[in-house]
Amino acid sequence: MRVLYFDHALELRADYPEPAPIAGESLVRVTLAGICGTDLEITRGYMAYRGVPGHEFTGRVVQSGNSALVGRRVVGEINAGCGRCRACADGMARHCPNRTVLGILGRDGAFAEYLRLPDANLKPVPDAIADEAAVFVEPLAAAFEIFEQAALKRSDRIAILGGGRLGAMVAMALRSEDFAPVVAGRGRERLARLATLGLNAIAADTLEPGFDVVIDCTGNPEGFARAIALVRRRGTILLKSTAAAGAAMNLAPIVINEINVIGSRCGRFEPALRALAAGRVDPRPLIDRIAPLDDGVSAFALAADKSHFKVLLRPA
Ligand SMILES: [Zn+2]
Ligand SMILES: [Zn+2]
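Residues numbered from 1 in each chain as written. Chains lettered and ligands numbered in written order. Predicted model: local features only at pLDDT ≥ 70, side-chain atom pairs only at ≥ 80, totals over all residues.

Now, about the overall build of the protein chain: what can you tell me, with residues and values included?
Each helix and strand in the protein chain was counted, giving 10 helices and 18 strands. Computed over its C-alpha atoms, the radius of gyration of the protein chain comes to 19 Å, within 12% of the 20 Å expected for a compact globule of 316 residues. The dimensions of the protein chain, computed from C-alpha atoms along their principal axes, are 55 × 45 × 40 Å. Looking at the protein chain alone, contacts between residues at least 24 apart form 66% of all its contacts between residues at least 6 apart. (Helix = DSSP H or I, 4+ residues; strand = E, 2+ residues; numbered from the N terminus. Rg over C-alpha atoms; globule rule 2.2 N^0.38 Å. Contact = placed C-beta atoms within 7 Å.)

Shown next as structure tokens:
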């Protein structure tokens, strides 16, 4: 089968073996796959990943031991737990220490004609959700995770730092639940585009401190320090990107101002599927381009261009 393969460089491979059948796992023909910031990081060395990247997808089950899944249009949770540890027993496979992660850790991903995931990871997509919207379920689920981690109030002043694809998804999730966040981004063109999505987008350097909640979606190491400077005393910071991994910063204000800091990564798919099916979120205006898988390498370059929100790949 054809795949995009990463090993120090990204390349198209035409003769990659199809995933072999495994008990408890289904074979999915990928319909659409989205390129996200994590994929771009992988091509810069993140996780030292070697293999087929891609974890945002929708597809159709072509082979499964679970007959209820065969032929179904699905999306898939990307973390595959061991099924034996405490985290897995708690239904938290995404925190299993022995997990594999689709296209990120020890498991080939979605930039391929076919992928394989455990049956339990696959969620049928309601008919009301088009493929072009379903492909956003994974990042949207990560956005909805915020509600499970922080007790937000409708009256909270909420700032989202970062006007890229992640910031836009988080803003859309908040809007769908009747919160009114400001999205702080850079570049006139990008801010205008966020505004056309109905989001309250402002230039990042015009933000004044005093927010109840600051959500860092910048994807750069300075985002965390900026969030500390903008949140009010006893306010809450949610970190949605791992970019601050190597940042040197002064953490004293977290103690002095008694700031709650919450790390936030992946989320359950159900809230995202419900919001899409009800039409409360429509991420399709974020799509800049749908490229054939064969043009995957140049599609990655497009996705890396900051003026773009989302580039999708279509393997068929
Ligand atoms: Zn992603
Ligand atoms: Zn486990």
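Now that the structure has been shown, we can carry on.
Outline the domain arrangement of the protein chain, listing residues and values.
The domain boundaries assigned to the protein chain delineate domain 1 (3-136 + 283-314) and domain 2 (143-263). Spacing between the C-alpha centres of domain 1 and domain 2 amounts to 27 Å. In this assembly, nine residues from domain 1 lie in contact with 10 residues from domain 2. Partitioning the side of domain 1 that touches domain 2 into residue classes produces five nonpolar, two polar and two charged. (Domains from an automatic or database assignment. Nonpolar A, V, L, I, M, F, W, Y, C, P; charged D, E, K, R; others polar.)

For the sheet that holds strand β8 (residues 106-107), give the residues involved together with the corresponding values.
Judged by pairing direction, the sheet is mixed, and its three strands sit side by side in the order β6-β7-β8 without closing on themselves. Sheet topology places β6 (79-80) and β8 at the edges, where each strand pairs with a single neighbour. In terms of strand pairing, β6 meets strand β7 (residues 100-102) through two bridges, oriented antiparallel. In the sheet register, A80 faces β7, and the bridge partner there is T100. (Pairing = 2+ DSSP bridges.)

Outline the pairing of strand β18 (residues 310-314), supporting the account with residue identities and numerical values.
In terms of residue burial, β18 counts as a mostly covered element, since four of its five residues are buried. Here strand β3 (residues 25-35) runs beside β18; their pairing, made up of three bridges, is antiparallel. Bridging across to β18, A33 finds its partner in L313. Pairing analysis gives five bridges linking strand β17 (residues 287-292) to β18, with the strands arranged parallel. Residue pairing across strands places I290 opposite L312, the latter belonging to β18. Following the backbone out of β17, through helix α10 (residues 296-304) and into the adjacent parallel β18, one traces a crossover that is right-handed. (Buried ≥ 20, exposed ≤ 12 C-beta atoms within 10 Å, placed from the backbone. Right-handed = clockwise from strand over helix to strand, strands pointing away.)

Please provide a residue-by-residue account of the nonpolar core, values included.
Within the largest apolar cluster, 88 residues are counted, with the highest numbers of intra-cluster contacts made by V137, L140, I160, V170 and I215. Two domains each put at least three residues into this core: domain 1 (3-136 + 283-314) and domain 2 (143-263). With residues up to four places along the chain from it excluded, the contact list for V137 reads V75, F269, A272, L273 and L276. (Core = buried A, V, L, I, M, F, W, Y, C linked by C-beta atoms within 7 Å.)

An account of the environment of N98 is needed here, citing residue identities and associated values.
Relative to the elements of secondary structure, N98 occurs in the loop between α2 (86-89) and β7. With 82 residues separating them in the primary sequence, N98 and A180 have C-alpha atoms 39 Å apart. Excluding anything up to four places from it in sequence, N98 contacts C82 and C85.

Describe α10, and please don't skip the residues or the numbers.
Among the residues of α10, those classed as buried are G296, A299, F300 and A303. Angularly, the buried residues of α10 cover 105° about the axis, an arc narrow enough to put them on a single face. The outward face of α10, more than 90 degrees from its buried face, is lined by the exposed residues S298 and A301. (Arc of directions from axis to C-beta.)

A description of the environment of R232 should follow, citing residues and the corresponding values.
Mapped onto the secondary structure, R232 falls in strand β15 (residues 231-239). On the basis of neighbour count, R232 is assigned to the partly exposed category, with 15 C-beta atoms found within 10 Å. For the pair formed by R232 and D212, sequence separation is 20 residues and the distance between their alpha carbons is 5.7 Å. Discounting chain neighbours no more than four positions away, the residues touching R232 are G210, F211 and D212.

So what's going on with unusual backbone geometry? Residues and values would help.
The phi angle at H8 is positive, at roughly 70°, despite the residue not being glycine. Checked against the element boundaries, H8 lands in the loop between β1 (3-7) and β2 (9-13). Even without being a glycine, M47 presents a positive backbone phi close to 65°. As for its placement among the helices and strands, M47 is situated in the loop between α1 (37-42) and β4 (56-63).

Help me get a handle on the packing of helix α4 (residues 137-149) against helix α5 (residues 165-176), residues and values and all.
Running from amino to carboxyl end, α4 crosses α5 at an angle of 55°, the nearest separation of the two axes being 9 Å. Taken together, the axes of α4 and α5 are oblique relative to one another. As α4 runs across α5, the sense of the crossing is right-handed. Contacts from P139, L140, A143, F144 and I146 in α4 reach M169, V170 and A173 in α5. (Axes fitted to C-alpha atoms, helices over the stretch in contact; angles between N-to-C directions. Parallel < 35°, antiparallel > 145°, perpendicular 65-115°, else oblique. Left-handed = near helix turned anticlockwise from the far one by under 90°.)

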